[in-house]
Amino acid sequence: MKMLSMLIGLLAATPALAAAPHISDGMLVDEHGMTLYVFDGRGSPDAKSCEGDCDRNFPPALAAPGDKPSGALTLTAAPHGGSQWAFKGKPLYRGLMDKKPGDHAGDGLNEVWHSVRLR
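Just so it is clear, the structure is predicted and the values come from calculations on it, not from any experiment.

(A) Spatial organisation of the packing of aromatic side chains. Summed over all chains, the structure comprises 4 aromatic pairs. For the ring pair F58 and W113, a centre distance of 3.8 Å and an interplane angle of 5° mean the geometry is stacked. One end of the pair, F58, is in the loop between α2 (54–57) and β4 (73–77); the other, W113, is in strand β7 (residues 113–115), and 55 residues separate them in sequence. Across the pair, exposure class does not vary: F58 and W113 are buried alike. Ring centres 5.2 Å apart and planes at 85° place the aromatic pair Y93 and W113 in the edge-to-face group. Within this pair, whereas Y93 is found in strand β6 (residues 90–94), its partner W113 is found in strand β7, the two being separated by 20 residues in sequence. Using a relative accessible area of 0% as the deciding quantity, one classes W113 as buried.

(B) Structural detail: the pairing of β6. In this structure, strand β3 (residues 36–39) lies alongside β6, joined through 3 bridges in antiparallel fashion. Looking at β6, one finds that L36 is bridged to R94. Relative to β6, strand β5 (residues 83–87) is paired through 2 bridges, and the arrangement is antiparallel. Of the residues in β6, the one forming a bridge with F87 is K90. In textbook terms, the turn of a hairpin is the stretch between consecutive antiparallel strands, and for β5 and β6 this stretch comprises 2 residues, one of which, K88, has a positive phi near 50°.

(C) Molecular detail of unusual backbone geometry. Non-glycine residue D25 carries a positive phi angle of around 50°. Tracing the backbone shows D25 in the loop between β1 (22–24) and β2 (27–29). Residue D25 is classed as exposed on the basis of its relative accessible area of 63%. Unlike most non-glycine residues, E111 shows phi in positive territory, near 60°. Along the chain, E111 falls in the loop between β6 and β7. A relative accessible area of 70% places E111 in the exposed class.

(D) Main features of the nonpolar core. Counting 10 residues, the largest nonpolar core consists of L28, L36, V38, A61, A63, L73, W85, F87, L92 and V116. Mapped onto this core, the elements with two or more residues apiece are β3 and β5. If near-sequence neighbours (up to four positions away) are discounted, F87 is found in contact with L28, A72, L73, L92, V116 and L118. Within the second largest apolar cluster, 8 residues are counted, among which are F39, C50, V112 and W113.

Definitions and cut-offs
Residues numbered from 1 in each chain as written. Predicted model: local features only at pLDDT ≥ 70, side-chain atom pairs only at ≥ 80, totals over all residues. Heavy atoms only, no water. Phe/Tyr/Trp six-rings, centres within 6.5 Å; stacked < 30°, edge-to-face > 60°. Helix = DSSP H or I, 4+ residues; strand = E, 2+ residues; numbered from the N terminus. Buried < 20%, exposed > 50% of the residue type's maximum accessible area, 1.4 Å probe, protein only. Pairing = 2+ DSSP bridges. Core = buried A, V, L, I, M, F, W, Y, C linked by side-chain atoms within 4.5 Å. Contact = heavy atoms within 4.5 Å.

Remember that the coordinates give geometry; whether it matters functionally is a separate question.
The structure is reproduced here in structure tokens:
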């Protein structure tokens, strides 16, 4: 039972492969309508900019094998292998703090996380 609980926890923390990002209400979102973010800080996201564990709080928006770039949406190497969606060359991330479509609680966090607005 303990092993099953650990496995479920590991799977829940692993970012799922997803359909291509799209625009909803002027913002770039994932297949569930959840806001996608870019990191505008120097270097790579770190514990300070992510409010702790980056892989948990801002998991990469992973692309499924066979996904193809289109326009400003491109693919880049994901931190732990595979491909990650990017917008105009900036990797895209999900925000764990968002609970429902349309939320954008990570927008402006530590002055380095920003939702992608296309209005």
